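Structural description and commentary
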Amino acid sequence: MPQQQGTHRLQQWAVALSLGVIALAAQAQGAGGTLEKIRSSGKAVIGVREASPPMAYALGAHEKFTGYHVELCERILRKLAPQAKLEYFAMTPQNTMPLVQNGTVDIGCGPATNTLVRQQQVAFAVTTYISQVRMAVRVDSGITEWKQLDGKTASATTGTTAVQLLRKLERDLNIKVNVAQQKDNIESLLSVETGRAVAFVLDDNLLAGIVANSRDPKQFRLVGTSLQSEPIAILFRKDDPAFKQAVDAELKAMMASGEMAKHYDKWFTQPIPPRNVSLNLPLSDDLKALFAKPNDEPLESYNK
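The sections below set out a description of the structure shown in this document. (Residues numbered from 1 in each chain as written. Predicted model: local features only at pLDDT ≥ 70, side-chain atom pairs only at ≥ 80, totals over all residues. Heavy atoms only, no water.)

**Comments concerning the pairing of strand β9 (residues 153–157)**
Residues in a regular strand project their side chains so that they alternate between the two faces of the sheet. Rules: Under the scheme applied here, a residue whose accessible area is under 20% of the maximum for its type counts as buried, over 50% as exposed, and between as partly exposed, the area being computed with a 1.4 Å probe on protein chains only. Helix and strand assignments come from DSSP, with helices taken as H or I runs of at least 4 residues and strands as E runs of at least 2, each series counted from the N terminus. Criterion used throughout: strands pair if DSSP finds at least two bridges between them.
Judged by how many residues are buried, β9 sits mostly within the fold: 5 of 5 residues are covered. On β9, burial covers both faces: Thr 153, Ser 155 and Thr 157 on one face and Ala 154 and Ala 156 on the other are all buried. The pairing of β9 with strand β10 (residues 178–182) spans 5 bridges and is parallel. In the strand pairing of β10, Ala 156 is matched with Gln 181.

So, in structure tokens, the structure goes:
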């Protein structure tokens, strides 16, 4: 009986949160914020990535975008602005912050790490994924730990936190790593495949997604202890607190109802397009705890 009562209260809370989105949306519209812009223009612009599976990526000839974060953004916007046409704007790690900051995109759905520095430019929703920074290497490389990168070339995508983490790694382990920065994640993995680099450093979920959709996934493996835990979140303009409240309310309702966990399973434990390969990354204890008690704490709070 106590368990049934607890479940009932949880459902009530989820319903209340969902209903609260309507009031928050109305508040944001009245303040001339993002929702007012969407309503007056008749469209909502979603910032996406072309090569960051499973979070956000393109299918086919870049005509359709999908992913864990993309579907969350679509759901939120259809709830807050059901009449608006959804449009997609491809971003890179390098231009994500300015495009969100200047309002070119209404909501950013690529895999962005919430940091104190970035909070000076944009606002982040509650965290929807906690990544672990590791490396992808060729199976035949013999590399299993970070100190083996000494004197070798490691690949990192420009604009990601991996670049700074590799610099810190050099200082901590007293090694020297040649960091080759690539324009996107596909190029970074290709540099490992072709032998131009021995490792590709990035968030574990993105590494798993890129490897799963590569030409020969079996030639790679993820190794190394985690360099850092990173809170990944949807982002938007900093000067629109009502929009943040509305987005957060919808995400919290999904977390409270259990729908967010199901959405996670769809993208991380089941086969995903285009090659119908599973990433086999079950929901972690840390993420379960976060779904139970959502927060928007930055990176610095996760790695004290």
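**Details of the packing of aromatic side chains**
Applied cut-off: Stacked, tilted and edge-to-face pairs are distinguished by plane angle, under 30 degrees for stacked and over 60 for edge-to-face with tilted covering the rest, among Phe, Tyr and Trp rings (Trp via its six-membered ring) whose centres lie within 6.5 Å.
Within this structure, the stated rule accounts for 8 aromatic pairs. For the ring pair Phe 65 and Tyr 88, a centre distance of 6.0 Å and an interplane angle of 25 degrees mean the geometry is stacked. Taken together, the residues Phe 65 in strand β4 (residues 64–66) and Tyr 88 in strand β5 (residues 85–91) connect sequence positions 23 residues apart. With a relative accessible area of 31%, Tyr 88 lands in the partly exposed category. Aromatic pair Tyr 68 and Phe 268: ring centres 5.2 Å apart, planes at 75 degrees, arrangement edge-to-face. Of this pair, Tyr 68 sits in helix α3 (residues 68–80) while Phe 268 is found in helix α9 (residues 259–268), placing the two residues 200 residues apart along the sequence. What makes Tyr 68 buried here is its relative accessible area of 0%.

**Description of the pattern of salt bridges**
Pairs may arise between side chains of opposite charge once their charged atoms sit close together. To keep it simple, the criterion reads: Salt bridges, as used here, are contacts in which a Lys or Arg side-chain nitrogen is within 4 Å of a carboxyl oxygen on Asp or Glu.
A complete count under the given rule lists 16 salt bridges for this structure. In this structure, Glu 170 and Arg 167 form a salt bridge, with 3.5 Å as the shortest nitrogen-oxygen distance. Taken as a pair, Glu 170 and Arg 167 lie in helix α5 (residues 162–173) at a separation of 3 residues, close to a single helical turn. Salt bridges sharing common partners tie together Arg 75, Lys 79, Glu 250 and Glu 259.

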